[in-house]
Amino acid sequence: MKDQSILKDALVAAFGDAAASVRVEGARPSIAAMFCVPVARFAEAGKVMKACDARLAAEWAVDETVFGGGFGIMALYGKGVELLLIECAVPHEAPVFPSLTGNYLAAWRFERQMRSLMGVESAGHPDARPWIKHEDWPPEAYPLRKAFDAKTRLARVQGEYKWVRAEGEGVYEIAVGPVHAGIIEPGHFRFQAVGEDIINLEERLGYVHKGIEKRFESMTWAAASRLAGRVSGDTTVAHATGYCTALEAAAGCEVPARAAWLRALLLERERIANHVGDIGAISNDAAFTFLLYQTAILRERLLRTNQAIFGHRLTMDIVMPGGVNADITLEAARVISGELTEFSAEFERLVAIYEETPSLEDRTCNAGVLAPPLAKEMGVVGIVARASNQPLDARVQQAYPPYDVIAPKLIRCGDGDVNARIQVRIDEVRESIRLIRAIIDGMPEGPLAVDCPAPRPGATGISVVEGWRGEIVWWVQAGPGSEINRVMVRDPSSVNWLALEQAIKGNIVPDFPLCNKSFNQSYSGNDL
Amino acid sequence: MLRILHQIWRTGVVTEPLPPLEEGRVTLAGERLEEEILKRFRGSLTIRFVDAGSCNACELEITAVNNPFYDCERFGIHFTASPRFADMLLVTGPVARNMEVALRRTYDAMPGPKLVVAVGDCAYDCGVFGESYATVKSVSDVVPVSAFIHGCPPPPAAILGGIMAAIGKDGAGR
Ligand code: SF4
């Protein structure tokens with residue numbers, strides 16, 4: 001199909017033989033293609049992608065010492081249904097590549113992180129400050145390098161983090177965090193404000209960095225799905241599915257149809273539980289506690305059903321390499337359907353209350369606006385993207401099973417404000433209810449899992465899954481002994497956090513919690 | 001407005017009695033407060049929460065402790081935004097290297113007497129994340145811990161029960 005190779009055709013047209021096609025060992029979706037370009041032309045390839053209107057979905061580095069190489073620098077581009085992976089190789093002695101920041105805002109943090117944790121330098125990057133790695137780390141400690149022992153106890157050194165500053169008459173600064181007021185994750189926010197108005201926000205994250213990517217490298221493929229399910233605990237199903245799918249792609253393992261359908265069932269339940277909780281939590285930040293408690297009841301009931309049917313409130317550790325380890329009986333299917341009917345009626349009553357409470361809408365409308373052109377420019381994904389009118393949903397574009405059959409509707413809203421992010425969640429809850437019914441009705445019979453072998457030495461696999469926050473990317477690579485050599489995960493938060501800085505400009509300081517909640521990005525998924 | 005009142009009426013009271021704490025859910029450790037001081041907490045316990053590096057699932061379940069089913073406030077337990085008002089520090093996560101200082105500072109900012117309760121398997125020994133360049137072995141290596149609540153994540157009833165056990169109360173609120 002033509003629209004599946006726009007990026008590929010453009011790269012081949014611009015680079016000719018200089019872009020070497022690399023066989024992608026495994027990819028779900030299978031349309032991902034991969035090319036290797038000379039390092040000097042890495043940014044130029046980015047420019048070609050930009051000219052095609054592609055977004056930069058992820059960028060990361062791989063230490064290929066075990067294969068006798070230097071570092072691989074990888075950039076994943078996406079446009080509509082197409083995904084294109086462009087790689088260049090840099091030697092250990094001179095780990096430098098041209099920065100993509102000239103064309104892609106999303107590259108700012110990706111490359112700061114690559115430099116901080118892998119020690120690869122992006123030439124031309126305007127910001128030399130570390131990311132995730134805080135200033136009290138020894139600067140030459142690069143934990144993602146193969147030569148770095150994960151158990152190393154790093155000394156604390158003196159260092160300073162240089163904040164961006166706004167100056168002028170009446171400008172003052174507010175520093176918040178890392179420890180926040182509520183039961184939430186830690187991060188630091190610096191506001192520059194004039195009176196009540198925020199003129200600049202700078203985030204500093206990395207507080208919950210616990211070395212997840214490095215940790216994978218000491219685990220077996222099978223055991224690692226438990227870790228994948230804890231990259232961001234609220235997204236456990238989607239992340240475990242992403243990891244397993246990438247691994248299965250690398251290993252050439254076909255999961256049984258029933259397993260794919262059960263994964264989707266859990267994924268949609270996870271979406272509903274998080275969305276409904278968020279709708280209440282956002283309302284609470286606009287001082288409407290009534291909805292917080294009401295939605296908390298709905299959420300709690302879903303989790304209890306999870307416990308009763310799947311044995312875990314958040315359905316952790318059910319998705320595993322090769323399939324799933326839990327099934328639903330006919331009786332359980334009836335329970336789930338019956339619950340949905342009740343849930344749906346109750347949910348609609350709450351939506352009606354949301355919609356007819358002007359004091360609430362007064363806070364949510366026109367607050368925290370992320371204008372659609374900016375959303376596109378920043379390459380945001382998921383709810384944040386769809387609330388700013390971006391047609392992005394991996395379930396629709398990649399249509400991996402069973403979404404090819406149950407065909408999710410792409411939800412969108414053009415306003416880009418807090419209200420839009422609530423509306424998208426409301427409509428997605430409704431759509432997920434329909435999807436779960438379709439899954440229950442259409443669920444094929446058959447085994448729950450097959451044996452997933454270890455990938456062959458050097459094999460790689462990539463996957464894209466639409467979690468409740470948005471698109472999740474996983475990439476895995478086997479080492480020479482078929483062990484885990486590198487696992488890369490890109491949570492939606494890694495791109496969406498940056499957009500919050502933009503959406504908050506011009507809002508008043510007291511609206512920050514509200515705007516932040518409407519984004520509700522993961523700190524753990526970002527910091528890894 | 002009528003709709004809201006109607007909904008409140010329809011909902012009624014969903015709060016449930018707290019089930020007895022299952023075995024193996026909680027380890028009472030180290031620093032205990034004297035009986036006399038513990039008595040003073042009865043009826044009111046203010047908690048400051050700190051995520052020191054969790055995956056965020058433990059937060060979801062701690063948040064659930066506040067929902068109408070578990071309603072921790074009925075036991076006089078409530079969460080505060082300031083460590084200055086807190087009697088208890090509730091901590092989750094393997095302590096990330098990048099959070100170690102903030103955790104210690106939060107503890108130091110609390111007035112005595114104070115208790116620390118660590119929630120989740122990774123607060124106990126880093127759990128699935130393991131000890132590494134990025135984590136500290138256990139919350140108890142950073143601040144003195146009175147009780148560990150096990151589970152990954154522990155369900156809300158276990159969290160609430162564990163908090164009560166740490167202050168010498170049982171599920172019936174005694
Ligand atoms: S104990 Fe488990 S659920 Fe809790 S933070 Fe650790 S990994 Fe997450």
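Above this text sits the structure in question.
Here is a short report on the structure shown in this document.

Parameters at a glance
- Residues numbered from 1 in each chain as written.
- Chains lettered and ligands numbered in written order.
- Predicted model: local features only at pLDDT ≥ 70, side-chain atom pairs only at ≥ 80, totals over all residues.
- Heavy atoms only, no water.
- Helix = DSSP H or I, 4+ residues; strand = E, 2+ residues; numbered from the N terminus.
- Rg over C-alpha atoms; globule rule 2.2 N^0.38 Å.
- Buried < 20%, exposed > 50% of the residue type's maximum accessible area, 1.4 Å probe, protein only.
- Contact = heavy atoms within 4.5 Å.
- Lys, Arg positive; Asp, Glu negative; His and termini not counted.
- Charge placed at Lys NZ, Arg CZ, Asp CG, Glu CD.
- Areas by Shrake-Rupley, 256 points an atom, 1.4 Å probe, with all protein chains shown as cover.
- Buried area = accessible area lost by both parts, 1.4 Å probe.
- Salt bridge = Lys/Arg side-chain N within 4 Å of Asp/Glu carboxyl O.
- Polar contact = N/O pair within 3.5 Å; in protein donor to acceptor, adjacent residues only side chain to side chain.
- Nonpolar A, V, L, I, M, F, W, Y, C, P; charged D, E, K, R; others polar.
- Pairing = 2+ DSSP bridges.
- Axes fitted to C-alpha atoms, helices over the stretch in contact; angles between N-to-C directions.
- Near = heavy atom within 4 Å.
- Core = buried A, V, L, I, M, F, W, Y, C linked by side-chain atoms within 4.5 Å.
- Domains from an automatic or database assignment.

## Here's the deal with the overall build of chain A
Next up, step 1: Assigned secondary structure in chain A consists of 18 helices and 16 strands.
Next up, step 2: Taken against the 2.2 N^0.38 rule, which gives 24 Å for 528 residues, the C-alpha radius of gyration of chain A at 23 Å falls within 12% of a compact globule.
Next up, step 3: With the C-alpha coordinates of chain A rotated into their principal frame, the extents come out at 70 × 65 × 50 Å.
Next up, step 4: Within chain A, the fraction of its 528 residues that count as buried is 63%.
Next up, step 5: Taking all contacts inside chain A whose residues are at least 6 apart in sequence as the whole, residues at least 24 apart take part in 69%.
Next up, step 6: Between the averaged position of the 55 positive side-chain charges in chain A and that of its 67 negative side-chain charges there is a distance of 2 Å.

## Things to note about the overall build of chain B
Next up, step 1: A count of helical and extended segments in chain B gives six helices and eight strands.
Next up, step 2: Ordered by position in the sequence, the α and β elements of chain B form the string α-β-α-β-α-β-β-β-α-β-α-β-β-α.
Next up, step 3: Residue burial in chain B is summarised as follows: out of 174 residues, 59% are buried.
Next up, step 4: Considering only intrachain contacts with a sequence separation of at least 6, the fraction spanning at least 24 residues in chain B is 82%.
Next up, step 5: Of the roughly 7000 Å² of accessible surface on chain B, 53% is carried by carbon and sulfur atoms.

## Looking at the interface of chain B and chain A
Next up, step 1: Every contact between the two is made by 55 residues of chain B and, on the other side, 62 residues of chain A.
Next up, step 2: Both sides together, the interface formed by chain B and chain A hides about 4700 Å², and carbon and sulfur atoms give 56% of it.
Next up, step 3: In terms of surface lost to chain A, no three residues of chain B exceed Arg97, Asn98 and Tyr133 of chain B, which account for 19% of the buried area on that side.
Next up, step 4: On inspection of chain B and its partner chain A, the count reaches seven salt bridges.
Next up, step 5: Ionic pairing is found between Glu346 of chain A and Arg10 of chain B, a salt bridge with its closest N-O pair at 2.9 Å.
Next up, step 6: Connecting chain B to chain A are 38 residue pairs in polar contact (both at pLDDT 80 or more).
Next up, step 7: Residues belonging to the side of chain B that touches chain A are distributed by class as follows: 30 nonpolar, 15 polar and 10 charged.

## Comments concerning unusual backbone geometry
Peptide bonds are, in most cases, trans, and in most cases residues other than glycine have a negative phi.
Next up, step 1: Residue Pro402 of chain A follows Pro401 of chain A across a cis peptide bond; omega there is 5 degrees.
Next up, step 2: Structurally, Pro402 of chain A is set in the loop between α13 (394-397) and α14 (403-406).
Next up, step 3: The omega torsion across Gly112 of chain B and Pro113 of chain B is -5 degrees, close enough to zero to call that bond cis.
Next up, step 4: With phi around 65 degrees, Asn366 of chain A is a residue other than glycine that occupies positive phi space.
Next up, step 5: If you trace the backbone, Asn366 of chain A turns up in the loop between α10 (358-364) and α11 (372-378).
Next up, step 6: At Cys126 of chain B, a position not held by glycine, the phi torsion is positive, near 75 degrees.
Next up, step 7: The residue Cys126 of chain B is located in the loop between α5 (121-125) and β7 (135-136) in this model.

## A closer look at the pattern of salt bridges
Next up, step 1: Applying the stated rule across the entire model yields 48 salt bridges over all chains.
Next up, step 2: We note a salt bridge from Glu100 of chain B to Arg156 of chain A, for which the minimum N-O separation is 2.8 Å. Of this pair, Glu100 of chain B sits in helix α4 (residues 100-109) while Arg156 of chain A sits in the loop between β8 (121-123) and β9 (171-176), each in a different chain.
Next up, step 3: A relative accessible area of 36% places Arg156 of chain A in the partly exposed class.
Next up, step 4: Between Glu331 of chain A and Arg334 of chain A there is a salt bridge, with the nearest N and O atoms lying 3.2 Å from each other. In this pair, Glu331 of chain A and Arg334 of chain A are both assigned in helix α9 (residues 330-355), three residues apart and thus about one turn of the helix distant.

## Describing the sheet that holds strand β6 (residues 82-90) of chain A
All names here are of chain A.
Next up, step 1: The strand order across the open sheet built from five strands is β1-β3-β6-β5-β4, with neighbouring strands paired in mixed fashion. The sheet is open, and its two borders are formed by β1 (20-22) and β4 (55-63), each paired with just one other strand. Taking the axes of each pair of neighbouring strands and ignoring which way they run, one obtains an average angle of 25 degrees across the sheet.
Next up, step 2: In this structure, strand β5 (residues 71-79) lies alongside β6, joined through nine bridges in antiparallel fashion. Bridge pairing in β6 links Tyr77 to Leu84.
Next up, step 3: Where helix α1 (residues 6-15) meets the sheet, its contacts fall on β3 (33-36), β5 and β6, and the angle it forms with β6 comes to roughly 40 degrees.
Next up, step 4: Strands β4 and β5 of the sheet are contacted by helix α3 (residues 107-118), whose axis makes an angle of about 10 degrees with β4.

## Points about the site of the ligand
Next up, step 1: Around the ligand lies a shell formed by Arg230 of chain A together with Ser54, Cys55, Ala57, Cys58, Gly120, Asp121, Cys122, Phe129, Gly151, Cys152 and Pro153 of chain B.
Next up, step 2: At the site occupied by the ligand, nearby residues are drawn from chains A and B.
Next up, step 3: Within the residue set of the shell around the ligand, elements represented by two or more residues are α3 (57-64) and α5 of chain B.
Next up, step 4: Grouping the amino acids of the shell around the ligand by side-chain chemistry returns seven nonpolar, three polar and two charged.

## Some details on the nonpolar core
Next up, step 1: Counting residues in hydrophobic clusters, the biggest one holds 169 residues, and the most contacted among them are Met49, Tyr77, Phe216, Tyr243 and Trp474 of chain A.
Next up, step 2: If one sorts the elements of this core by residue count, helix α7 (residues 257-285) of chain A sits on top with 13 residues.
Next up, step 3: Domain assignment of the residues forming this core places at least three in each of domain 1 (6-123) and domain 2 (212-526) of chain A.
Next up, step 4: Counting residues in each nonpolar core, the second largest holds 30 residues, with Val14, Leu45, Met88 and Ile167 of chain B among its members.

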